[in-house]
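Descriptive structure summary
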Amino acid sequence: MNDTSKVAAIPLSARYGAVDRMLRNRLLDQLRTLSESRLAFADALGTDELGTAAAAPADTLHARVRVHDPAFYRRVAANGSVGAGEAYIDGLWDCDDLVALVRMLVRNRDHLDAMETGLARWGGVALRAWSALRRNTHAGSRRNIAAHYDLGNAFFRLFLSDDLMYSSALFAHENDTIDTASARKLERICTKLDLKPTDHVLEIGTGWGGFALYAAGRYGCRVTTTTISHEQYDLATARVVAAG
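My aim in this report is to walk through the structure given alongside it, one point at a time. (Residues numbered from 1 in each chain as written. Predicted model: local features only at pLDDT ≥ 70, side-chain atom pairs only at ≥ 80, totals over all residues. Heavy atoms only, no water.)

**So, the sheet that holds strand 3 (residues 61-67)**
- One open sheet holds the four strands; their spatial order is 2-1-3-4, and the pairing between them is mixed. In the strand order of this sheet, the two ends are held by strand 2 (46-50) and strand 4 (93-95), each with one partner. In this sheet, neighbouring strand axes are inclined to one another by 15 degrees on average, regardless of whether the strands run parallel or antiparallel.
- Of the pairings in the sheet, the one linking strand 1 (residues 37-43) to strand 2 comprises five bridges and is antiparallel in character. Of the residues in strand 2, the one forming a bridge with L39 is L50.
- Against the sheet, helix 3 (residues 71-89) contacts strand 1, strand 3 and strand 4, and its axis sits at roughly 55 degrees relative to strand 4. (Pairing = 2+ DSSP bridges. Helix = DSSP H or I, 4+ residues; strand = E, 2+ residues; numbered from the N terminus. Axes fitted to C-alpha atoms, helices over the stretch in contact; angles between N-to-C directions. Contact = heavy atoms within 4.5 Å.)

Laid out in structure tokens, this is it:
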């Protein structure tokens, strides 16, 4: 029998040491007074109902969190909200409604701030030190761009709109698609700029060419755009050629 099977045979509740239980209790105490929110928090030690309902039932947010590994509590204690996010990526916990959970924490910002105290404060110091080593100098910018936007266009297609617009989509109706909302954003930008065929627009940060193609195609203006991402440059260039 290998070490993995030995660990798997131990009931999950038995893997909660004294420190895990202490950190668990501290986190639950922080979340217990969430206002206008009802959070069901479940792990191998049981389920706790946290928060207080809003005066109007329809205003109460609801979510259920399931913790799969006590290491989650250590991550939160050491690195606060960043630790919680990394623990989610690693599958240490999940939630039936992440949007509702984020809304709860935004609505109760003081509870989120409380997660950044103690050891988490030192984790924040370490993160800031790490960020300082990745400053956007001329050379640093190229490294940072390569580490982000050059992950591969196929990756970004998994969650961006068809025109690969990166942020700030404008939703006017609850049934709007991300593509409709992204196009609305581009239209808003062009309208505010009052673009005309005689205009020459300088764009710093091409992305995947979405704005340049929209502005030139819909408004007939000239666009000069720049990027230091190889992946973005290659795809934007191909889209411009395809558009004729």
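**Quick look at the pattern of salt bridges**
- On inspection of all chains with the given rule, the structure shows ten salt bridges.
- The partner of E36 in a salt bridge is R107, with the nearest N and O atoms 3.4 Å apart. You can see E36 sitting in the loop between helix 2 (18-31) and strand 1 and its partner R107 sitting in helix 4 (residues 98-107), a full 71 residues away along the chain.
- The partner of R66 in a salt bridge is D94, and the shortest N-O contact between them spans 2.7 Å. In this pair, R66 is assigned in strand 3 and D94 in strand 4, connecting sequence segments 28 residues apart.
- Overall, R66 belongs to the partly exposed group, its relative accessible area being 29%.
- Each of R24, D29, R32, D43 and D48 takes part in a single network of salt bridges with overlapping partners. (Salt bridge = Lys/Arg side-chain N within 4 Å of Asp/Glu carboxyl O. Buried < 20%, exposed > 50% of the residue type's maximum accessible area, 1.4 Å probe, protein only.)

**Quick look at the nonpolar core**
- Core analysis: the largest hydrophobic core is formed by 27 residues, its most contacted members being L39, F41 and F72.
- Listed by contribution, the elements that provide at least two residues to this core are helix 2, strand 1, strand 3, helix 3, strand 4 and helix 4.
- With seven residues, helix 3 is the single largest residue contributor to this core.
- The next biggest cluster of nonpolar side chains, apart from the first, holds eleven residues, and it includes M165, L195, A212 and Y214. (Core = buried A, V, L, I, M, F, W, Y, C linked by side-chain atoms within 4.5 Å.)

**Quick look at the side chain of D43**
- With respect to the element layout, D43 can be found in strand 1.
- Within the local environment of D43, its side chain forms a polar contact with the side chain of Y73, the two groups lying 2.6 Å apart.
- Every residue in contact with D43, bar those within four places of it in the chain, is listed here: Y16, R24, V67 and Y73. (Polar contact = N/O pair within 3.5 Å; in protein donor to acceptor, adjacent residues only side chain to side chain.)

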